[in-house]
Amino acid sequence: MIERLQAPRGTFDVLPDDSERRAAVEAAARQVLGAAGYRRIETPAFEATELFARGVGESTDIVQKEMYTFEDGGGRSLTLRPEGTAPICRAYAEHGMHKLAQPVKLWYLSSFFRFERAQAGRYRQFWQVGAEALGSDDPAVDAESILLAVALLDELEVQQVRVRVSSLGSLAARRDYRERLQEHLRAHADQLSAEVRARIDLNPLRAFDSDHPDTREVMREAPRLLDFLSAQDAEHFAAVRALLDAADLDYEVDPTLVRGLDYYTRTVFEIESGALGAQSAVGGGGRYDGLVEQVGGPPTPGMGWAAGVERMLLAAGEGRAVAPEVDLYVAVDGGQPARQAAFALAAEARRARLHAQLELGGRSLKGQLKQAGRVSARYVAIVGDTGSALRDMDSGDQEDVQVSGVVARVLRELRGLGA
Ligand code: ATP
Ligand code: MG
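These numbers come from a predicted model, not from an experiment.

Colleague: Could you clarify how one ought to interpret the site of ligand 1 in this entry?
Modeller: By nearness alone, 14 residues border ligand 1, and Arg 114, Glu 116, Tyr 123, Gln 128 and Arg 259 come closest of all. A distance of 2.9 Å separates an oxygen atom of ligand 1 from a polar side-chain atom of Arg 122. Looking at the shell around ligand 1 element by element, the count peaks at 3 residues for strand E10 (residues 281–287). Among the residues making up the shell around ligand 1, the classes are represented as 5 nonpolar, 4 polar and 5 charged.

Colleague: Would you mind showing me how to read the sheet that holds strand E6 (residues 125–134) here?
Modeller: Within a sheet, adjacent strands bond to each other through the backbone by hydrogen bonds, running parallel or antiparallel. Read from one edge to the other, the open sheet built from 8 strands follows the order E1-E5-E6-E11-E10-E9-E7-E8, with strand pairing classed as mixed. Single-partner strands in this sheet number two, and they are strand E1 (39–40) and strand E8 (252–253). One ladder, built from 2 bridges, connects strand E7 (residues 161–167) with E8; its direction is parallel. By the bridge assignment, Val 165 is partnered in E8 with Val 253.

Colleague: In this structure, what is going on with the sheet that holds strand E14 (residues 377–384)? I would like to understand it.
Modeller: The sheet built from 5 strands is open, its strands ordered E13-E12-E14-E15-E16 with mixed pairing. With partners counted over all chains shown, the strands left at the sheet margins are strand E13 (356–358) and strand E16 (398–401), one partner each. Taking each pair of neighbouring strands and ignoring which way they run, the sheet shows an average axis angle of 25 degrees. Bridging between E14 and strand E15 (residues 388–392) involves 5 bridges; their strand directions are antiparallel. Looking at the pairing, Tyr 379 lines up with Asp 392 of E15.

Colleague: Teacher, can you tell me more about unusual backbone geometry here?
Modeller: Leave glycine aside and you will find that most residues have negative phi; peptide bonds, for their part, are mostly trans. The omega torsion of the bond from Gln 102 to Pro 103 falls at -5 degrees, within 30 degrees of zero and hence cis. For Pro 103, the position within the fold is in the loop between helix H4 (85–94) and strand E5 (104–113). Notably, Glu 157 is not glycine yet its phi reads approximately 55 degrees, a positive angle. Although it is not a glycine, Asp 248 adopts a positive phi angle of roughly 70 degrees. Structurally, Asp 248 can be placed in the loop between helix H9 (231–246) and E8.

Colleague: Is there a simple way to explain the environment of Ala 207 in this structure?
Modeller: Here Ala 207 lies in the loop between helix H7 (194–198) and helix H8 (213–220). By relative accessible area, which is 4% here, Ala 207 ends up buried. For the pair Ala 207 and Ala 222, spaced 15 residues apart in the sequence, the C-alpha separation amounts to 10.0 Å. In this structure, Ala 207 is in contact with Leu 185, Val 196, Thr 215 and Met 219, ignoring residues within four places of it in sequence.

Colleague: Is there a simple way to think about helix H12 (residues 336–351) in this case?
Modeller: Residues that lie three or four places apart on an α-helix share one face, since the helix turns once every 3.6 residues. Between its terminal C-alpha atoms H12 stretches 23 Å, which fits the 22 Å expected from 16 residues at 1.5 Å a residue. When we look at burial in H12, the residues that qualify are Ala 338, Ala 342, Leu 345, Ala 346 and Ala 349. What you see down the axis of H12 is that its buried residues fit within an arc of 100 degrees, all on one side. Relative to its buried face, H12 has exposed residues pointing more than 90 degrees away, namely Pro 337, Gln 340, Phe 343 and Arg 351. Residues of H12 that are buried in the fold lie against strand E12 (326–333), E13, E14 and helix H14 (406–414). One or two steps after H12, the chain reaches Arg 353, where phi turns positive at roughly 70 degrees.

Colleague: Can you walk me through the packing of aromatic side chains in this structure?
Modeller: Here a ring pair, both rings aromatic, is described through the centre-centre distance and the interplanar angle of the planes. Scanning the entire structure with this criterion turns up 9 aromatic pairs. Measuring from centroid to centroid gives 6.0 Å for Tyr 68 and Phe 115, while their planes differ by 90 degrees, and the two rings are edge-to-face. Here Tyr 68 is found in the loop between helix H3 (61–66) and strand E3 (69–71), whereas its partner Phe 115 is found in the loop between E5 and E6, with 47 residues between them in sequence. By relative accessible area, Phe 115 is classed as partly exposed at 44%. Pairing Tyr 108 with Phe 112 gives two aromatic rings, centres 5.8 Å apart and planes at 65 degrees, and the pair type is edge-to-face. For Tyr 108, a relative accessible area of 3% puts it in the buried group. Classification of Phe 112 by relative accessible area gives buried; the value is 1%. Among the aromatic side chains, those forming a connected cluster through ring pairs are Phe 12, Tyr 123 and Trp 127. Note that Arg 241 overlies the ring of Phe 237, its terminal NZ or CZ placed 4.7 Å from the centroid.

Colleague: I keep staring at the pairing of E7 and nothing clicks. Help me out?
Modeller: Consecutive residues of a regular strand have side chains that alternate between opposite faces of the sheet. Burial runs high along E7: 5 of the 7 residues are buried. As defined by bridge partners, E7 adjoins strand E9 (residues 265–273) across 7 bridges and the pair is classed as antiparallel. From the neighbouring strand, Ser 166 faces E9, where its bridge partner is Val 268.

Colleague: Can you help me understand the domain arrangement of the chain in this one?
Modeller: How big an interface is tends to be stated in terms of accessible area lost as the parts join. For the chain, the assigned domains are domain 1 (16–169 + 229–315) and domain 2 (328–414). Taken over C-alpha atoms, the centre of domain 1 sits 49 Å from the centre of domain 2.

Parameters at a glance
- Residues numbered from 1 in each chain as written.
- Chains lettered and ligands numbered in written order.
- Predicted model: local features only at pLDDT ≥ 70, side-chain atom pairs only at ≥ 80, totals over all residues.
- Heavy atoms only, no water.
- Near = heavy atom within 4 Å.
- Polar contact = N/O pair within 3.5 Å; in protein donor to acceptor, adjacent residues only side chain to side chain.
- Helix = DSSP H or I, 4+ residues; strand = E, 2+ residues; numbered from the N terminus.
- Nonpolar A, V, L, I, M, F, W, Y, C, P; charged D, E, K, R; others polar.
- Pairing = 2+ DSSP bridges.
- Axes fitted to C-alpha atoms, helices over the stretch in contact; angles between N-to-C directions.
- Buried < 20%, exposed > 50% of the residue type's maximum accessible area, 1.4 Å probe, protein only.
- Contact = heavy atoms within 4.5 Å.
- Expected span 1.5 Å × (residues − 1).
- Arc of directions from axis to C-beta.
- Phe/Tyr/Trp six-rings, centres within 6.5 Å; stacked < 30°, edge-to-face > 60°.
- Lys NZ or Arg CZ within 6 Å of the ring centre and 35° of its normal.
- Domains from an automatic or database assignment.

Structure follows, in structure tokens:
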């Protein structure tokens with residue numbers, strides 16, 4: 001026996017029923033984000049490795065251990081995109097989008113790749129919807145961006161949504177703070193998990209994410225970044241909160257919130273759903289005022305977020321899969337002439353924009369009528385060698401009609417005009 005091949009670990013097939021639900025996510029994103037003036041962008045599935053090393057940051061988990069990096073035939077190092085923000089900043093700079101009216105508001109729905117431990121809600125190829133607004137540091141951009149993320153989740157009926165917000169301040173303030181935090185961590189090094197201890201130099205902020213009990217104890221006493229913000233950063237954060245309050249958003253300020261990417265400045269936020277288990281984060285994002293410059297563009301402020309499609313679908317519960325509508329099922333009751341006439345009729349019906357399906361399974365007439373019922377066809381044309389009939393599947397009425405008259409007849413009936 002030949003071994004049966006399987007999709008790689010951590011990947012999945014999007015089967016037709018799943019793809020209907022994903023189409024609903026796409027439609028909701030287009031509606032919510034499009035209405036706010038965001039336009040869709042797609043960047044390549046792989047980029048120069050350098051983009052992520054510089055943009056996402058050498059010290060992050062993503063760059064350290066989660067990237068699919070390979071060398072192509074030309075000896076260049078390429079990486080399957082692990083996230084969407086750095087590529088969009090690259091595209092913004094590459095296409096001179098700073099010359100457009102600012103902010104430039106973009107959204108995407110794409111697949112991303114991270115080498116992670118695969119489990120429910122955590123895959124190696126997964127999809128994200130994201131939105132980015134580049135070119136304005138107005139706190140209203142931050143607040144609007146957060147509201148749009150929540151609006152999308154609401155539109156998809158994602159259950160038990162919790163929003164946490166914080167500010168990381170500017171990169172300079174963060175450097176000072178990092179040193180204070182490192183001092184605190186070193187002073188309590190013997191209580192920390194080995195992993196956190198190993199990252200004191202490289203990425204001390206991630207210690208806030210640890211679920212190791214003694215580490216958590218140490219972190220309760222740790223200095224808080226929110227107390228180290230510059231006056232301007234604190235003012236910016238207060239303005240964002242005032243706008244969120246004005247919009248009546250339910251959220252929580254969480255001073256321990258850190259995000260897994262180095263590029264964030266000022267506002268950061270995360271959205272969780274109580275309907276998810278361990279992988280409770282549905283989406284998150286923040287401001288990244290240095291990133292466009294970091295990838296070689298002009299100094300440009302930016303703000304955005306991404307939400308995981310699979311986790312949104314998990315948290316939205318089982319939606320009803322909607323199969324495509326069928327206006328006309330073309331059944332064959334005869335030999336070669338009937339088959340040809342039926343084929344031509346299905347093609348004609350589709351040219352007239354009807355949803356038409358042709359019998360392709362070699363079924364008996366009885367089997368074909370059963371199949372038409374299964375796909376909920378509205379009408380069935382039964383095409384014979386010498387004549388044909390049209391059956392109304394709602395009423396069960398059947399009439400003889402000329403093949404050449406079927407499409408016009410169905411169109412009239414569907415428009416409620418009768419025969
Ligand atoms: P987590 O804490 O779960 O690892 P993250 O902070 O790495 O998430 P982000 O980089 O902020 O995630 O990505 C935004 C969203 O994308 C997440 O909230 C999640 O919904 C989704 N996501 C991230 N990684 C994966 C993955 N490996 N599989 C499925 N969805 C993912
Ligand atoms: Mg992660």
